[in-house]
Amino acid sequence: MCKGLAALPATCLKSAKDMKHRLGFLLQKSDSCDYGSSQGKKEKISSSQRVSQEEVRRWADSLENLIHHDRGLAAFRAFLKSEYSEENIEFWVSCEDYKKTKSPAKLSPKARKIYDEFISVQATKEVNLDSCTREKTSHNMLEPTLSCFDEAQRKIFTLMEKDSYRRFLKSPYYLDLVSPPAAGCGPENCKRSHAHTLDCNSNIISQCD
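Treat the numbers as computed from the prediction; the structure is a model and nothing was measured.

Observations concerning unusual backbone geometry
Within the chain, tyrosine 84 stands out as a residue other than glycine whose phi angle is a positive 60 degrees. Within the secondary structure, tyrosine 84 is located in the loop between α5 (70–82) and α6 (87–98). Relative accessible area serves as the criterion here: at 72%, tyrosine 84 is assigned to the exposed category.

Brief notes about the side chain of threonine 133
Within the secondary structure, threonine 133 is located in helix α8 (residues 131–140). With relative accessibility at 1%, the residue threonine 133 sits in the buried group. What threonine 133 contacts, discounting residues up to four positions off in sequence, is Glu151, Ala152 and Lys155.

Focus on the nonpolar core
By size, the foremost hydrophobic cluster in this structure holds 37 residues, and its most contacted members are Ile67, Phe76, Phe91 and Phe149. Elements supplying a minimum of two residues to this core: α4 (63–67), α5, α6, α7 (104–119), α9 (150–162), α10 (164–169) and α11 (172–178). Isoleucine 67 has contacts with Leu73, Phe76, Ile89, Trp92 and Phe157, leaving out every residue within four places of it along the chain.

Overview of the confidence of the model for the chain
For the chain, mean pLDDT is 77; residues scoring 70 or higher make up 62% of the total. Averaged over each element, pLDDT in the chain is lowest for helix α12 (residues 187–206) (43) and highest for α6 (98). Counting interchain partners and residues more than four positions distant, the pLDDT-below-50 stretch residues 19–49 has 32 contacts. Ignoring residues within four places in sequence, the model shows residues 183–209, a span with pLDDT below 50, making 25 contacts including any to other chains.

About the thresholds
- Residues numbered from 1 in each chain as written.
- Predicted model: local features only at pLDDT ≥ 70, side-chain atom pairs only at ≥ 80, totals over all residues.
- Heavy atoms only, no water.
- Helix = DSSP H or I, 4+ residues; strand = E, 2+ residues; numbered from the N terminus.
- Buried < 20%, exposed > 50% of the residue type's maximum accessible area, 1.4 Å probe, protein only.
- Contact = heavy atoms within 4.5 Å.
- Core = buried A, V, L, I, M, F, W, Y, C linked by side-chain atoms within 4.5 Å.
- pLDDT = per-residue confidence, 0-100.

Shown next, in the form of C-alpha cells:
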C-alpha cells in the first residue's frame, strides 16, 4: 500500500490528482445534467420541472386554468411571443392588475397608460378590438372605474381562447411539458455515467496499491 505522499511514485501521485479532478468534474456534471437536457424547455417556461403533470394537463381544460397559473401564464406568454402576438396576453394581464388598484387617485393614470399602450389608434401594442368595443372603452376613459376595461378584456380573452390557445396546445411549448422526458441525460443515464467514472477511478486507485 502507499503509506505516505513522500513514498508514492510520481505516476501514482499523478493518477491520484487526475482522479480528484475527474471526481470534481463529475459532481459538477451531475448537478448540471438535468439542466442541460431541459435547457430548451426552460427558455419557454421557467422552472417548468416543478409543475406537476396533473396541473399541466389541467391547462388543456380551459384557457382560464392556463393563465391563472403562474407557470402556465409564462408558457403561454412565451408561445405568443414566438408568434409576435404577445400584446393580447399583456393587455389581459394589465387589466387584471388594474382591477386590483385600491387607490382611487391611481385609477385615472393607470387607465390612461393601458389605453395608450393597447387601445388608442396610435397604441404601440394595439390589440384587435371591434370598433364598438373600442369606442365604448374610449368613453370609459372620461371617468375611469375598476370595470372600465372589462368588455375589452373579455373580447381579447375570447379571441385568444378561439385562436392562439388552441395552437398553443399543439405546440412544443405545451407538448414538451406533458411528454415523458427524452433519453440522453436523464437520471438513469447520469447514474450510469457516474458509476462508470467511479469504476475507472477505482482502477487508478488500484495502481497505487
